[in-house]
Amino acid sequence: SQQGEEDPQALSIQEGENATMNCSYKTSINNLQWYRQNSGRGLVHLILIRSNEREKHSGRLRVTLDTSKKSSSLLITASRAADTASYFCATVNSGAGSYQLTFGKGTKLSVIP
Amino acid sequence: DAGITQSPRYKITETGRQVTLMCHQTWSHSYMFWYRQDLGHGLRLIYYSAAADITDKGEVPDGYVVSRSKTENFPLTLESATRSQTSVYFCASRGTSLHEQFFGPGTRLTVL
C-alpha cells in the first residue's frame, strides 16, 4: 500500500519562482527521502531527513518534516527549467526492514522558461 | 560501465511467454530492489534482496520470480506474462551504510 501521498499531483510555475510540494504518510518512519525523476529516466535521490530532524537544506532544496502531522514538504527555490520533473517522497518505516522504501505517487512539476 | 544498468531497455512480448529482465550493479551493494511504475500508482516494490541468495517479497510479488546468485546481478523473471504486467520496471541498489537507493534507467515492458 502507498505510504506517502504527494500534493499537488501537478504544479506549473514560472522560472525563478519557488515550488513547494507536500507529502503525507501514515505510519511512524525512520526517515523520509525525496527523489526526482526526469521523463523517461530512473529516479535520483535528492535529500534525506531523519525522523528526529525538522529541517534540512541542500543547495536550492529545503525539506521540512513534521512527525506529529506525518507530513513533509520539499521547497525548490529559484526554480529553473531543468527542475521540470516528477518528485517523489519515500519513507523508510520504523520497524520494517531498514532498507525498504515506500513511495508516494509523485508531483509533476513543470517550470516554464 | 560503473553504476547500475538494466537490459533490455524496451521489450514487447505476448501473453503467456516467459520474460527475464536483467539488472547489474558495479558497486557491490548488498541490497537490490525491483519496482514497477504504473500511472496512478507510483512505484511499488516487487521483490528485494539483502545479499546474495537472500530474497524476499515486496508489495506486489505475484507472477514474478527473482534470484540472486551473485551480488552484482538481480534478474526478474515473469514466468507467464500477463497484460497487467505491462509497466516500467526499475531496478535499484543500496549499500549497507547508505540510505539512498540508486536506480537503473528502467525497462519498458509491453505485454500484448
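Since the structure is predicted, the reported quantities are computational estimates derived from the model, not experimental observations. (Residues numbered from 1 in each chain as written. Chains lettered and ligands numbered in written order. Predicted model: local features only at pLDDT ≥ 70, side-chain atom pairs only at ≥ 80, totals over all residues. Heavy atoms only, no water.)

### Examining the side chain of A:Thr107
Residue and element names in this part refer to chain A.
Reasoning step 1: With respect to the secondary-structure elements, Thr 107 resides in strand E11 (residues 107-112).
Reasoning step 2: Looking at Thr 107, its side chain comes within polar contact range of the main-chain oxygen of Pro 8, at 2.5 Å.
Reasoning step 3: Discounting chain neighbours no more than four positions away, the residues touching Thr 107 are Glu 6, Asp 7, Pro 8, Gln 9, Leu 11, Met 21, Ala 85, Ser 86 and Tyr 87. (Helix = DSSP H or I, 4+ residues; strand = E, 2+ residues; numbered from the N terminus. Polar contact = N/O pair within 3.5 Å; in protein donor to acceptor, adjacent residues only side chain to side chain. Contact = heavy atoms within 4.5 Å.)

### Quick word on the side chain of A:Thr91
Residue and element names in this part refer to chain A.
Reasoning step 1: Along the chain, Thr 91 falls in strand E9 (residues 85-93).
Reasoning step 2: Given a relative accessible area of 0%, Thr 91 falls into the buried group.
Reasoning step 3: A polar side-chain atom of Thr 91 sits 3.3 Å from a polar atom in the side chain of Asn 93. (Buried < 20%, exposed > 50% of the residue type's maximum accessible area, 1.4 Å probe, protein only.)

### Some points on the pairing of strand E11 (residues 107-111) of chain B
Residue and element names in this part refer to chain B.
Reasoning step 1: Along E11, the buried face is formed by Thr 107, Leu 109 and Val 111; none of Arg 108 and Thr 110, which line the opposite face, is buried.
Reasoning step 2: Two strands pair when backbone bridges link them, and strand E9 (residues 87-94) and E11 are joined in this way by 3 bridges, in the antiparallel orientation. The residue of E11 that forms the bridge with Val 88 is Arg 108. (Pairing = 2+ DSSP bridges.)

### Structural notes on the interface of chain A and chain B
Reasoning step 1: Taken residue by residue, the interface counts 21 residues in chain A and 22 residues in chain B.
Reasoning step 2: In terms of surface lost to chain B, no three residues of chain A exceed A:Leu43, A:Tyr99 and A:Phe103, which account for 32% of the buried area on that side.
Reasoning step 3: At the junction of chain A and chain B, the tally comes to 0 salt bridges.
Reasoning step 4: Listed by contribution, the elements that provide at least two residues to the side of chain A that touches chain B are strand E4 (29-37) and strand E5 (43-50) of chain A.
Reasoning step 5: Class assignment for the residues of the side of chain A that touches chain B results in 7 nonpolar, 11 polar and 3 charged. (Buried area = accessible area lost by both parts, 1.4 Å probe. Salt bridge = Lys/Arg side-chain N within 4 Å of Asp/Glu carboxyl O. Nonpolar A, V, L, I, M, F, W, Y, C, P; charged D, E, K, R; others polar.)

### Focus: the packing of aromatic side chains
For any pair of aromatic rings, geometry is given as the distance between the ring centres together with the angle between the planes.
Reasoning step 1: Counting across every chain of the model gives 8 aromatic pairs over all chains.
Reasoning step 2: A ring pair is formed by A:Phe103 and B:Tyr35, whose centres lie 5.5 Å apart and whose planes are at 90°; its orientation type is edge-to-face. Residue A:Phe103 is located in strand E10 (residues 102-103), and its partner B:Tyr35 is located in strand E4 (residues 31-38); the two belong to separate chains. Per residue, the accessibility class of A:Phe103 equals that of B:Tyr35, and both read buried.
Reasoning step 3: These aromatic residues form a ring-pair network of at least three members: A:Tyr35, A:Phe103, B:Phe33, B:Tyr35 and B:Phe103. (Phe/Tyr/Trp six-rings, centres within 6.5 Å; stacked < 30°, edge-to-face > 60°.)

### A few points about the nonpolar core
Reasoning step 1: Counting residues in each nonpolar core, the largest one holds 21 residues, and the members touching the most others are A:Leu32, A:Trp34, A:Leu74, A:Ile76, A:Tyr87 and A:Leu109.
Reasoning step 2: Those residues in contact with A:Ile76 that lie beyond four places of it in its chain are A:Glu17, A:Asn18, A:Ala19, A:Met21, A:Arg60, A:Leu61, A:Asp83, A:Tyr87 and A:Leu109. (Core = buried A, V, L, I, M, F, W, Y, C linked by side-chain atoms within 4.5 Å.)

### Some words on the pattern of salt bridges
Reasoning step 1: Scanning the entire structure with this criterion turns up 6 salt bridges over all chains.
Reasoning step 2: For A:Asp83, the salt bridge is made with A:Arg60, and the minimal N-O distance between the two is 2.9 Å. A residue pair is termed long-range when its members are at least 10 positions apart, and A:Asp83 in the loop between strand E8 (71-76) and E9 and A:Arg60 in the loop between strand E6 (55-58) and strand E7 (61-66) qualify at 23 residues.
Reasoning step 3: Ionic pairing is found between B:Arg17 and B:Glu14, a salt bridge with its closest N-O pair at 3.5 Å.
Reasoning step 4: Its relative accessible area of 45% is what places B:Glu14 among the partly exposed residues.
Reasoning step 5: A single salt-bridge network, built from bridges that share partners, covers B:Arg36, B:Asp38 and B:Arg44.

### Considering the sheet that holds E6(A)
Residues and elements named next belong to chain A.
Reasoning step 1: An order of E1-E3-E8-E7-E6 is seen for the 5 strands of this open sheet, with the pairing classed as antiparallel. Each edge of the open sheet is held by one strand with a lone partner, namely strand E1 (5-7) and E6. Ignoring which end each strand starts from, the neighbouring axes of this sheet average 20° apart.
Reasoning step 2: Here 6 bridges tie E7 to E8, and the two strands are oriented antiparallel to one another. Paired with Thr 64 across the bridge in E8 is Ser 73. (Axes fitted to C-alpha atoms, helices over the stretch in contact; angles between N-to-C directions.)

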